[in-house]
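Here is how the chains run, residue by residue.
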Amino acid sequence: SQQGEEDPQALSIQEGENATMNCSYKTSINNLQWYRQNSGRGLVHLILIRSNEREKHSGRLRVTLDTSKKSSSLLITASRAADTASYFCATPTQGGSEKLVFGKGTKLTVNP
Amino acid sequence: NAGVMQNPRHLVRRRGQEARLRCSPMKGHSHVYWYRQLPEEGLKFMVYLQKENIIDESGMPKERFSAEFPKEGPSILRIQQVVRGDSAAYFCASSPKTSYDNEQFFGPGTRLTVL
């Protein structure tokens, strides 16, 4: 079963607007990571937030984590056409291999 | 410091042929993960290797698929007797160690098309 589930599945906004994507997960986590994937390309690591953190910023990105609700959000402020991509949240399994479990992603389109 | 390298970037095979996908981790990284991505889907874990050892292959099909990470050279994901359902993007990620954070760095992927 999916550990991370993003919503919405697709989001279309105008350049300059903010984009918010949400992720829910099922089990307890040590951290949650957000990745970006441009069409037909590999994944780029955006930001990692640990379970004892509530909010983290990186440039135009703001990530929140609510462990009581098992959810996270990614906010991209002042979006640009270049932000058009799919965004995935991922959580490492605890113990053992710590493989990443990904959701299906949110496909963001930023219209110029 | 070069990132994770994968080759080939695109691979076309006919049903029944073998596919070999290579992954060179980042310098200093001794942990390699392979993931598969179907169209419009997220990545699904396949296998986790350290040098000369398979640590977790719980996501890899029992038949036709194998992986290795030899002492020297890249990690190899091998798919024997490919079928159309094997068509997907295969991504490799490397990590310096099994750390508390386990940040993984991804390669550009190999897109396998089975005709």
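Any empty space left between atoms is shown by rolling a water-sized probe over those atoms. Taken as a whole, the largest pocket encloses approximately 570 Å³ of empty space. Among the elements of the structure, strand 9 (85-92) and strand 11 (106-111) of chain A together with strand 9 (88-95) of chain B are those that each provide at least two residues to the lining of the largest pocket. Across the lining of the largest pocket, the residue classes tally to seven nonpolar, ten polar and six charged. Its volume calculated, the second largest pocket comes out at about 220 Å³. Taken together, 17 residues form the lining of the second largest pocket, with A:Gly42, A:Leu43, A:Val44, A:His45 and B:Phe106 sitting closest to its centre. Residue assignment for the lining of the second largest pocket shows that the elements contributing at least two residues are strand 4 (31-37) and strand 5 (43-50) of chain A together with strand 10 (105-106) of chain B. Residues belonging to the lining of the second largest pocket are distributed by class as follows: eight nonpolar, six polar and three charged.

This next bit is on the sheet that holds strand 6 (residues 55-58) of chain A. Whether parallel or antiparallel, the strands of a sheet pair through hydrogen bonds between backbone atoms. All names here are of chain A. Pairing is antiparallel across the open sheet formed by five strands, whose spatial order is 1-3-8-7-6. Of all strands in the sheet, those with a lone pairing partner are strand 1 (5-7) and strand 6, marking the two edges. Neighbour-to-neighbour, the strand axes of this sheet turn through a mean angle of 20°, independent of strand direction. Bridge count between strand 6 and strand 7 (residues 61-66): four bridges; the pairing is antiparallel. Across the sheet, Glu55 pairs through a bridge with Thr64, a residue of strand 7.

Rules and cut-offs
- Residues numbered from 1 in each chain as written.
- Chains lettered and ligands numbered in written order.
- Predicted model: local features only at pLDDT ≥ 70, side-chain atom pairs only at ≥ 80, totals over all residues.
- Heavy atoms only, no water.
- 1 Å grid on protein atoms, 1.4 Å probe; cavity = no way out; pocket = protein on both sides within 12 Å on 5 of 7 lines; lining within 4 Å.
- Points joined across faces, edges and corners; volume = space filled by probe spheres on them.
- Helix = DSSP H or I, 4+ residues; strand = E, 2+ residues; numbered from the N terminus.
- Nonpolar A, V, L, I, M, F, W, Y, C, P; charged D, E, K, R; others polar.
- Pairing = 2+ DSSP bridges.
- Axes fitted to C-alpha atoms, helices over the stretch in contact; angles between N-to-C directions.

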